[in-house]
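An overview of the molecular structure
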Amino acid sequence: MNLFGFARKKPPTPSARTAKDRLQILLAHERSSSGTAEADYLPMLQRDIVAAIRKHVPIGDKDVEVRMERGDQMSSLEINIELPAAAASTTG
Amino acid sequence: MTTEPKKTPPLGRVIVVTSGKGGVGKTTSSAAISAGLAKAGFRTVVIDFDVGLRNLDMTMGCERRVVFDFINVIQGDARLKQALIKDKRLETLFILPTSQTRDKDALTKDGVEKVLTELKAEFDYIICDSPAGIEHGAQMAMHFADEAVVVTNPEVSSVRDSDRILGLLSSQTHRAESAGAEPIKAQVLITRYDQARVDIGEMMTVTDVLEILAVPLLGVIPESKAILKASNVGTPVVLDGPSAAAQAYEDAVSRLTGTQVEMRMQGERRPGLFQRLFGRAS
């Protein structure tokens, strides 16, 4: 360590401050989603969506990608479905 | 140590000591709080709900006197009177230990309720030492509670899990499910608090934790060597000589019984400059 390093070093953000901020953001989400019920709904939703699409188009498990992003103000649910080229042209 | 038992009818108050995260000091706190209540003259029983792990008996120093346990009583193999262990130090303190080997589902809601009803007729305070987590055992420990002491370290995972437990207390308990019942009175007990680390911004303050959890504060237990020392010898910390931790638990107990006590933040005595330079005397 540089002998004079301490003089130039910026005071770091106290880690307690970071801990509090992280907790507040995390708990805001956990509380709004009322516990365990929410934890399970994404996989269920994904299963239902895949099943609904499969009624009409033969798709594999890997063709569907579901992603959830939680923000401070809003959350978004993104579903990407890769339709097989042949099926896409015949059905629609 | 002798205490004067109260001659009034029993209060029959059920208090769960819970936390979510393990290792934050539930059993230490259950032992200290129940010993503190008994020392104040309240007829107190402390029950170990941690079926399978069973540590309350060791913390209370009665591990070699266990014959029958909580599970035996629930399954009808023993009477409650046979399973209750009378503390050797305090006249008004009893321990209901649990079993190490049996199946966790042995704790049934009906069984727990029956035991608690019987205890309420004789004791002022019934302290339920909860297992960690949010599973069956923890739910059984909190189900019939009137009050909850949520034990938290000033550390992110512990605070987060406490928040989860507070959610369960307000939604998954007997009081929550019965219409018109007053909600469980939940309070937070902050343990392993280190004022020196708070001062340099390395530990969340009491205010930080309270702001996040939004429940009243029951007490702040400083990080203290007295805690490990007390558990080494199987004595609740409030009975093991004076210490900052013992004092803090006594204050918490007073608040639990409705006495206003000022919050004092005291840590262990910090070594002075000369002590630090020339080594510890002790």
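Quick caveat: nothing in here was measured; it's all calculated off a predicted structure.

1. Section: the overall build of chain A
- The helix and strand tally for chain A stands at 4 helices and 2 strands.
- Along chain A, from the amino end to the carboxyl end, the secondary structure elements read α-α-α-β-β-α.
- Out of the 92 residues in chain A, the part that is buried amounts to 16%.
- In chain A, once contacts between residues fewer than 6 apart in sequence are set aside, the share between residues at least 24 apart is 37%.
- Total accessible area on chain A stands at roughly 7,300 Å², and carbon and sulfur atoms take up 56% of it.

2. Focus on the UniProt feature "binding site: ATP" (unreviewed entry) in chain B
All names here are of chain B.
- Sites flagged by UniProt as "binding site: ATP" (unreviewed entry) map to Lys-21, Gly-22, Gly-23, Val-24, Gly-25, Lys-26, Thr-27 and Thr-28.
- When near neighbours in sequence (up to four residues on either side) are disregarded, Gly-25 contacts Val-151 and Tyr-249.
- Secondary-structure assignment places Thr-27 in helix α1 (residues 26-39).
- Look past the residues within four positions of Thr-27 in its chain and what remains in contact with it is Asn-55, Leu-56, Thr-59 and Asp-129.

3. Describing the packing of helix α2 (residues 15-32) of chain A against helix α10 (residues 206-213) of chain B
- Put simply, α2(A) and α10(B) touch, their axes get as near as 10 Å, and they point 15° apart. Relative to α10(B), the element α2(A) lies roughly parallel. At the point where α2(A) passes α10(B), the crossing takes the right-handed sense. Note on element contacts: α10(B) touches α2(A) through Asp208(B), Glu211(B), Ile212(B) and Leu213(B), opposite Lys20(A), Leu23(A), Gln24(A), Leu27(A) and Arg31(A).
- Of the residues that constitute the contact of α2(A) with α10(B), the class distribution is 4 nonpolar, 1 polar and 4 charged.

4. Side note on α1(B)
Residue and element names in this part refer to chain B.
- Taking 1.5 Å of rise per residue, 14 residues should cover 20 Å, and α1 covers 19 Å from first to last C-alpha, within 8% of that figure.
- Burial analysis of α1 places 12 of its 14 residues in the buried class, the great majority of the element.
- For α1, the full list of buried residues reads Lys-26, Thr-27, Ser-29, Ser-30, Ala-31, Ala-32, Ile-33, Ser-34, Ala-35, Gly-36, Leu-37 and Ala-38.
- Phi turns positive, to about 100°, at Gly-41, one or two residues after α1.

5. With respect to a nonpolar patch on the surface
Residues and elements named next belong to chain A.
- A surface patch of nonpolar side chains, amounting to about 300 Å² of accessible area, comprises Leu-77, Ile-79, Ile-81 and Leu-83.
- In this structure, Ile-79 sits in strand β2 (residues 75-81).
- By relative accessible area, Ile-79 is classed as partly exposed at 31%.

6. Quick look at the pairing of strand β6 (residues 147-152) of chain B
Residue and element names in this part refer to chain B.
- A large share of β6 lies buried, amounting to 6 of its 6 residues.
- Residues Glu-147, Val-149 and Val-151 point to one face of β6 and Ala-148, Val-150 and Thr-152 to the other, with burial holding for every one of them.
- Here strand β1 (residues 13-18) pairs with β6 via 4 bridges, running parallel. Within β6, the position partnered with Ile-15 by the bridge is Glu-147.

7. Considerations on the interface of chain B and chain A
- The interface is formed by 13 residues belonging to chain B together with 13 residues belonging to chain A.
- In this assembly, chain B packs against chain A so that about 1,200 Å² is buried in total across both faces, 58% of it on carbon and sulfur atoms.
- Summed over the shared surface of chain B and chain A, the result is 2 salt bridges.
- For Lys20(A), the salt bridge is made with Glu211(B), and the minimal N-O distance between the two is 3.1 Å.
- Counting across the chain B and chain A interface gives 5 residue pairs in polar contact (both at pLDDT 80 or more).
- Listing elements by their share of the side of chain B that touches chain A, those giving two or more residues are α7 (156-169) and α10 of chain B.
- Ranked by the residues each element gives to the side of chain B that touches chain A, the list is headed by α7(B), at 5 residues.
- Class assignment for the residues of the side of chain B that touches chain A results in 6 nonpolar, 1 polar and 6 charged.

Cut-off values and rules
Residues numbered from 1 in each chain as written. Chains lettered and ligands numbered in written order. Predicted model: local features only at pLDDT ≥ 70, side-chain atom pairs only at ≥ 80, totals over all residues. Heavy atoms only, no water. Helix = DSSP H or I, 4+ residues; strand = E, 2+ residues; numbered from the N terminus. Buried < 20%, exposed > 50% of the residue type's maximum accessible area, 1.4 Å probe, protein only. Contact = heavy atoms within 4.5 Å. Areas by Shrake-Rupley, 256 points an atom, 1.4 Å probe, with all protein chains shown as cover. UniProt positions renumbered as here; feature names shortened; annotations may be inferred. Axes fitted to C-alpha atoms, helices over the stretch in contact; angles between N-to-C directions. Parallel < 35°, antiparallel > 145°, perpendicular 65-115°, else oblique. Left-handed = near helix turned anticlockwise from the far one by under 90°. Nonpolar A, V, L, I, M, F, W, Y, C, P; charged D, E, K, R; others polar. Expected span 1.5 Å × (residues − 1). Patch = residues over 30% accessible without salt bridge, like charges linked within 9 Å, V, L, I, M, F, W, Y side chains within 5 Å. Salt bridge = Lys/Arg side-chain N within 4 Å of Asp/Glu carboxyl O. Pairing = 2+ DSSP bridges. Buried area = accessible area lost by both parts, 1.4 Å probe. Polar contact = N/O pair within 3.5 Å; in protein donor to acceptor, adjacent residues only side chain to side chain.

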